[in-house]
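# Summary of the model geometry
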Amino acid sequence: MDFNQSAEDNLFDRARIVGKPHARIDGTLKVMGRAPYAYERNDVAADQLVGYPLCATIAKGRITHMDASSARAAPGVVSVVTTLEIEPLDRSENNVARLFGGDLIEHYHQAIAVVVADTLEQARSAAALIDVSYQQEQGVFDLEAAWEKLDNTGEPLSDVGDVDAAFQTADFTLDEIYRTASQSHAMMEPHASIVDWSDGGKMTVWTSNQMIEMNKQALATSFNIDPDTIRVESPYVGGGFGGKLWLRADAVLAALGSRASGRPVKLALPRPLVFNNATHRSGTLQRLRIAADAQGKITAFDHAAVSHTLPGGSGENPVNQTRTFYAGASRRVAHQLIDMNLPESADMRAPGEASGLAVLEIAMDEMAQKLGMDPVEFRILNDTQVDPEDPSKPFSERHYVECLRQGAAAFGWEARNRTPGENREGEWLIGHGMAGAYRGAPTLDSGARVRLQGGRLIVETDMTDIGTGSYTILAQTAAETMGMAMEDVEIRLGNSAYPTSSGSGGQFGATSSTAGVYAACLALQEQIAKHLDVETPRFENSRVLAGDTDLALSEVANGEEFVAEDTIHFGDFKDDMQIGTFGAHFIEVGVHAYTGETRVRRMLAVCDAGRILNPITARSQVLGGMTMGVGAALSEGLTVDLERGFFVNHDLASYEVAVHADIPEQEVIFLDTTDAASSPLKSKGVGELGICGVAAAIANAIYNATGVRVREYPITLDRMIDQLSNAAP
Amino acid sequence: MRAFSYERVSNPAQAAARAAEVPGAKFIAGGTNLLDLMKHEIETPLHLVDVTGTGLNAITETSNGGLRVGALVSNSALAADHRIRRDYAVLSRALVSGASGQLRNKATTGGNLLQRTRCPYFYDTGMPCNKRSPGAGCAALGKGASSRGLGVIGTSEACIATHPSDMAVALRVLDAEVETVTSSGETRRKPLDAFYQLPGDTPEVENTLEAGEMITAVELPAPVEGHHAYFKVRDRASYAFALVSVALIQTPEGKGRVALGGVAPKPWRRDDADAALPQGASAVMSQLLDGARPTQDNAYKLTLAERTLAALLAQE
């Protein structure tokens, strides 16, 4: 099915099921521990062995010698594969560092051996017996030093109008430097796989991955085998956040171990490897300048940033949304990548936007303050309904102003204290802050197959559910389209034997994959119509209705099975407009007047993301984003050892994600909007919108509470305690 | 984890004797720290002596008006004991600020005292660490190292790790004593402060326990009059080690005692600092943190310690 123009009025505008709150259909399985996650799938292949990785303890250099003889002789050990024994595996286009093979060390904790044994304990213990010698090389690890060299050089991504003139003539200007930290996905379930490649022929992979087809292709590239010989299953994923978009070492090492041992091998990355072996969000340094006239109209943005990557990677581009979020005739944005020898940086929830809005939305607060304007009103004044770089391009739907107004009203924004540092309850300085949220609404082609078996409909697609609610919204979509009850629909996901879907990432999954299921259901309807020889049948109450025909769906096939498959193809008409999601965050914090500890007390998000397919699962996504935003603002930051070149805080005790006690009352309001340009369901994603702007809203609230403006994340107490002296009792 | 043998013993003297006799032996009780360390091969015992059957589970009243806390009393049970809550509130408050409910249920009084540092370099066997491998060097003192959570005083050229316990900070301000049994069956007793050793040139030695010697109890003297407070400062609201913590007992006249956690290789207290309490937080800290040698990363702890004490004093 081609989606080549904006959707017209359709069944989703009169939906019975789509858009209504439905509890997760996989919820019971998960609560009872019966949803099979990759590492627990002991039933899928007999005689499984356990693999354990050995990883490099230098950041850059070469291995000169490895001796695995003690490991091979250790109790229970079946196989050992060292990186020196095989040629470097080919890299898929989405991998920057080698996953295995050869003597080159590109980053700390790069995998250099896998030990396969009867038990985890035996494999782990034997891995420690492998003797490794290195020839270490000097690496580059300090983003700050790199920034100093590169400041204001390089080609901008865009340069519109006359930025320099705008700053010369502006009534108000801002020019500040900001820093965001490298962050880890720190998902609860680490990367884990079971691989059966026992005979070196067909490969079956039970894994935890967001993108099944991409994973299959990457495996084929890595091992130089025919992708058709590979089957990948990933029906349940215990959190991904972008960290499981790519093929990683777990599946590669399990495959090598399986081939070497002739048995299926399971392997999970030990927790420290989630931080230094797998990917992370790169830290950034950003310089942001804003110019405005006396009335508060922005005349120019100048946003320059650097992030780090291993040579050939893409880092974290935090400047892109500055091109389109607010009005203003002139703007220049530039992002430069610094080659550094830290572990591989790549996408993490709202890649670019999370770090960019964490900065832009502080700058907007600072600018409003300079202008003496309310930060909400300042943003409303600078709203735009067209792409400011190309005013011929409209936004398909943009209700940012409504988000700001509804949020301000619901939060009680007007009643806040406006003078920083003057609202105190006992030991706590109370502050209020807000920020805007903006994230694109991409869609990817997505396929599905539907099977009508009696009165039941089975949906098969390689779409994944990474905790987002895919099972539920796809069941809603299929039930709605086929006029069936939710209970009569079974959803099968995450299997490369099923049609290729969008996968999960970039907040494109829900909108793309529901449209794919819709397309497949329409194909099934066509088949049924042809079979019954009727025109334009209606599907209602599990029946087919057309003229004199009134037949239960269960009786259509006469014991046979109807199978239909289709893929939604999103057309390039979308390129003529900007399609985005918008939001506003309002947050209350308390900052301890003596210690500088910040605790969030109240959070509100208002979201404009088109049709909300399921308010329960969508709200859950936004809450998760807000929670991750609290971590990003206050505690999550990978600390670099600038000499040894690795992330030092590589466990969940030292890399502090928010815990329950950190998360207060959270409220989410969805605007009742639709976006016909997005998909037949007129929905857009929310999974990444929820984190966008949260950190800045907290930073702004801290400023309101204390009068201290911190421009470096995470905003830990040591970054403000010296300045708090004045605000102290 | 290295392969190890395992046995259960039924009384403390037997435990001590076995631990001295079997090469590479260690005691295990709750195992909340030791098992993690064994999985990382930071601890590599060849033999574990399980002491959970030695009957040291009681909190009993002593003849001098104090309490004797058996080494196996769990952190949860100790924090909840009505006598502790009434007469030693600083201890109860310190305990509940630590770890999580599940960990406190398993962790014991003796084990808590012996938990190892949370220095990230100690936990990464790819890094040199004098505490883990004597003479290997200290990665935390490297020129690009991250030391935000590490010690500012009592540290050495060989090690700047801190002791992570909250409980021990409260015990220090209470003048608790550690009771042990040696491998020859002799009972010994030491003030907590003397029990812990500063790193000096031998950071692998953290206390005065001899081979086989086992903690059997912690003895609390008669209750100390005054307001008991424990303030643990951390980056997130729960389940985090202290950046700085302050244990305070203060009389209505303003006299009292102060101990710090999160700043040193052991709970940090000085008599002259206690004496300065009536003069306020700044006076206390100029004594208590005299001689501090912070890194650039953790110098904030000096300010933070003073402000945290000031917050407690202002609560009066």
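Because the structure is a prediction, the values reported are computed rather than measured.

## Brief notes about the pattern of salt bridges
The final tally for this structure, using the stated rule, is 74 salt bridges over all chains. For E389(A), the salt bridge is made with R323(A), and the minimal N-O distance between the two is 3.2 Å. On the criterion of sequence distance, the pair formed by E389(A) in the loop between β17 (386–387) and β18 (390–394) and R323(A) in the loop between β15 (298–309) and β16 (330–339) is long-range, its members being 66 residues apart. A salt bridge links R18(B) to E21(B); its shortest N-O distance comes to 2.6 Å.

## Remarks on the sheet that holds strand β23 (residues 489–492) of chain A
Residues and elements named next belong to chain A. The 5 strands lie next to each other as β1-β27-β21-β22-β23, forming an open sheet whose pairing is mixed. Sheet topology places β1 (2–3) and β23 at the edges, where each strand pairs with a single neighbour. Two elements, strand β21 (residues 446–453) and strand β22 (residues 456–460), share 5 bridges in a ladder whose sense is antiparallel. Bridged to R451 within β22 is I458. Strands in contact with helix α12 (residues 470–482) are β22 and β23; relative to β23, the strand with the most contacts, it is inclined by about 135 degrees. Sheet strands in contact with helix α13 (residues 509–532) are β21, β22 and β27 (561–570), and its direction is about 135 degrees off that of β27.

## Details of the packing of helix α11 (residues 281–288) of chain B against helix α12 (residues 300–314) of chain B
Packed helix pairs are specified by the crossing angle of their axes together with the interaxial distance, meaning the distance between the axes. Residues and elements named next belong to chain B. Look at α11 against α12: their axes get within 9 Å of each other, and the N-to-C directions meet at 140 degrees. Between α11 and α12, the angle is such that the two are oblique. Where α11 crosses over α12, the handedness of that crossing is right-handed. Between α11 and α12, the contacting residues are A281, S282, V284 and M285 on the first element and A305, E306, L309, A310 and L313 on the second. Residues that form the contact of α11 with α12 fall into these classes: 7 nonpolar, 1 polar and 1 charged.

## Details of the packing of aromatic side chains
Following the criterion strictly, the structure yields 21 aromatic pairs over all chains and no others. Where F395(A) meets F582(A), the ring centres are 5.7 Å apart and the plane angle is 70 degrees; that geometry is what we call edge-to-face. Of this pair, F395(A) sits in the loop between β18 and α11 (400–411) while F582(A) sits in strand β28 (residues 580–592), and the two are 187 residues apart along the sequence. In this structure, F395(A) and F582(A) share a single accessibility class: buried. Summarising the aromatic geometry, the rings of F195(B) and Y196(B) are spaced 5.3 Å apart at their centres and angled 70 degrees between planes, so their arrangement reads as edge-to-face.

## Topic: the UniProt feature "domain: FAD-binding PCMH-type" (unreviewed entry) in chain B
As annotated in UniProt, the feature "domain: FAD-binding PCMH-type" (unreviewed entry) corresponds to residues 1–225 of chain B in the numbering used here. Within the segment residues 1–225 of chain B, helix and strand shares are 26% and 16% respectively, and the terminal C-alpha atoms sit 47 Å apart.

## A few points about the side chain of N417(A)
All names here are of chain A. Position of N417 among the secondary structure elements: in the loop between α11 and β19 (424–425). For N417, a relative accessible area of 18% gives the class buried. A distance of 2.7 Å separates a polar atom in the side chain of N417 from the backbone oxygen of T419. Residues in contact with N417, not counting those within four places in the same chain, are E422, N423 and N704.

## Topic: the side chain of D365(A)
With respect to the element layout, D365(A) can be found in helix α9 (residues 353–371). Residues within four places of D365(A) in sequence aside, it is in contact with P375(A), R379(A), N700(A), Y703(A) and R709(A).

## Quick notes on the pairing of strand β3 (residues 47–50) of chain B
Residues and elements named next belong to chain B. Along β3, one buried face is formed by H47 and V49 and the opposite face, lined by L48 and D50, is buried too. Two strands pair when backbone bridges link them, and strand β1 (residues 5–8) and β3 are joined in this way by 4 bridges, in the parallel orientation. Residue Y6 lies in a different strand from β3, and its bridge partner there is L48. Two elements, strand β2 (residues 25–28) and β3, share 4 bridges in a ladder whose sense is parallel. Across the sheet, the residue bridging to A25 is H47, located in β3. A crossover connection joins β2 to the parallel β3 through helix α2 (residues 34–39); in handedness this β-α-β unit is right-handed.

## Here we look at the environment of E176(A)
Residues and elements named next belong to chain A. Looking at the secondary structure, you find E176 in strand β9 (residues 172–180). On the basis of relative accessibility, which here comes to 24%, the residue E176 falls in the partly exposed class. Note: C-alpha distance between E176 and I290 (114 residues apart in sequence) is 9.3 Å. If we skip the residues at most four places from it in the chain, E176 touches Q286, R287, L288, E366 and R711.

## Quick word on the environment of R293(B)
All names here are of chain B. Inspection of the secondary structure puts R293 in the loop between α11 and α12. R293 gets classed as partly exposed once you look at its relative accessible area, which sits at 44%. The spacing of R293 and I160 is 133 residues in sequence and 9.6 Å in space, taken between C-alpha atoms. If near-sequence neighbours (up to four positions away) are discounted, R293 is found in contact with V152, T155, S156 and E157.

Calculation criteria
- Residues numbered from 1 in each chain as written.
- Chains lettered and ligands numbered in written order.
- Predicted model: local features only at pLDDT ≥ 70, side-chain atom pairs only at ≥ 80, totals over all residues.
- Heavy atoms only, no water.
- Salt bridge = Lys/Arg side-chain N within 4 Å of Asp/Glu carboxyl O.
- Helix = DSSP H or I, 4+ residues; strand = E, 2+ residues; numbered from the N terminus.
- Pairing = 2+ DSSP bridges.
- Contact = heavy atoms within 4.5 Å.
- Axes fitted to C-alpha atoms, helices over the stretch in contact; angles between N-to-C directions.
- Parallel < 35°, antiparallel > 145°, perpendicular 65-115°, else oblique.
- Left-handed = near helix turned anticlockwise from the far one by under 90°.
- Nonpolar A, V, L, I, M, F, W, Y, C, P; charged D, E, K, R; others polar.
- Phe/Tyr/Trp six-rings, centres within 6.5 Å; stacked < 30°, edge-to-face > 60°.
- Buried < 20%, exposed > 50% of the residue type's maximum accessible area, 1.4 Å probe, protein only.
- UniProt positions renumbered as here; feature names shortened; annotations may be inferred.
- Polar contact = N/O pair within 3.5 Å; in protein donor to acceptor, adjacent residues only side chain to side chain.
- Right-handed = clockwise from strand over helix to strand, strands pointing away.

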